[in-house]
Amino acid sequence: MYSPAIRVYGVVPNTGIDFELGAIYQFGQDNGRKKSAWSYLLEVGYSLKHDWKPRLSAFYGFVSGDRNPNDNTDNRFERFFGFARPWSPDDYLIMENVKAPKLLFEFSLHKDVFIDGGYSWFWLASTTDRFNNLMNVATPTVFNRDSTGQSGDFIGQSINARINYKLAPLVDITIGYSRFMNGGFVKNRQLTAFGEADGGSNFFYTEISVRAFR
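Residues numbered from 1 in each chain as written. Predicted model: local features only at pLDDT ≥ 70, side-chain atom pairs only at ≥ 80, totals over all residues. Heavy atoms only, no water.

Novice: What exactly am I supposed to notice about the layout of surface pockets here?
Specialist: Sizing a probe to match a water molecule and rolling it over the atoms shows the empty space that remains. Approximately 800 Å³ is the volume found for the largest pocket. In terms of lining residues, the largest pocket is bounded by 36 residues, among which Ala84, Arg85, Pro86, Trp87 and Lys102 are the most central. Among the secondary structure elements, those contributing two or more residues to the lining of the largest pocket are β2 (17-30), β3 (33-47), β4 (55-63), β6 (98-110), β7 (113-123) and β8 (154-168). In terms of residue count, β7 provides more of the lining of the largest pocket than any other element does, five residues in total. Across the lining of the largest pocket, the residue classes tally to 18 nonpolar, nine polar and nine charged. In this structure, the second largest pocket spans a volume of roughly 280 Å³. Taken together, 15 residues line the second largest pocket, and the ones lying closest to its centre are Tyr92, Asn133, Leu134, Met135 and Gln190. Residue assignment for the lining of the second largest pocket shows that the elements contributing at least two residues are β9 (171-182), α1 (184-194) and β10 (200-210). Classifying every residue of the lining of the second largest pocket by side-chain character gives six nonpolar, six polar and three charged. (1 Å grid on protein atoms, 1.4 Å probe; cavity = no way out; pocket = protein on both sides within 12 Å on 5 of 7 lines; lining within 4 Å. Points joined across faces, edges and corners; volume = space filled by probe spheres on them. Helix = DSSP H or I, 4+ residues; strand = E, 2+ residues; numbered from the N terminus. Nonpolar A, V, L, I, M, F, W, Y, C, P; charged D, E, K, R; others polar.)

Novice: It is not clear to me how unusual backbone geometry should be interpreted in this structure. Could you clarify?
Specialist: It is generally the case that most residues other than glycine have a negative phi and that most peptide bonds are trans. For asparagine 31, which is not a glycine, the phi torsion comes out positive at approximately 55°. Topologically, asparagine 31 is positioned in the loop between β2 and β3. A positive phi is found at aspartate 91, a non-glycine position, where the angle reads about 70°.

Novice: Teacher, can you tell me more about the pattern of salt bridges here?
Specialist: Should the charged atoms of two oppositely charged side chains come close, the side chains can pair. Taken as a whole, this structure holds 17 salt bridges when the rule is applied. With a shortest N-O distance of 2.7 Å, aspartate 18 and arginine 55 are connected by a salt bridge. On the criterion of sequence distance, the pair formed by aspartate 18 in strand β2 and arginine 55 in strand β4 is long-range, its members being 37 residues apart. Judged by its relative accessible area of 15%, arginine 55 falls in the buried class. For arginine 33, the salt bridge goes to aspartate 66, with nearest N and O atoms at 3.6 Å. Note that arginine 33 is positioned in strand β3 and aspartate 66 in the loop between β4 and β5 (73-74), a separation of 33 residues in sequence. (Salt bridge = Lys/Arg side-chain N within 4 Å of Asp/Glu carboxyl O. Buried < 20%, exposed > 50% of the residue type's maximum accessible area, 1.4 Å probe, protein only.)

Listed below in structure tokens is the structure:
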């Protein structure tokens, strides 16, 4: 399988505006099926002139899902490797079968204190493909995939924030919180699996990062 990509990024002079655009196409063979999948990502940010270095940004990511489970073409984007944190702090979402607009903020109260967060919405790119981490089932099943597409496409929405503090030159601590609110697709699949649906989840976490080099 082959996965060529292109990325363009930069800053618009004298405006405080920065941008990034990326696109990836995948083709070849995957487990006996023809692979044809794609992704594109766009982010536009605006930095204010202030001691706190505030930056506001808007992001949109599209990652294809499999359109037809019964044909010989796999349209599900393969992330290959990597963790899910860039898509959602709770690791619910990965770079697969998703449409994700986000509004983000970041600023630094002090040279050793950094705060960021945002609000995200998530839809299935293909209503007939899976939501990978639903019910902790990574393979397509009747619970995390509705091949008929009748369960809807709205996965849910998320609000999150985190604080990073530099304890020492090579040691950082991060404290974060994320609230995930289940959408129609998740609730419909929960009803199918358990006969009841949940509204969402809360995720608190603390991380300590130790680096070997400056």
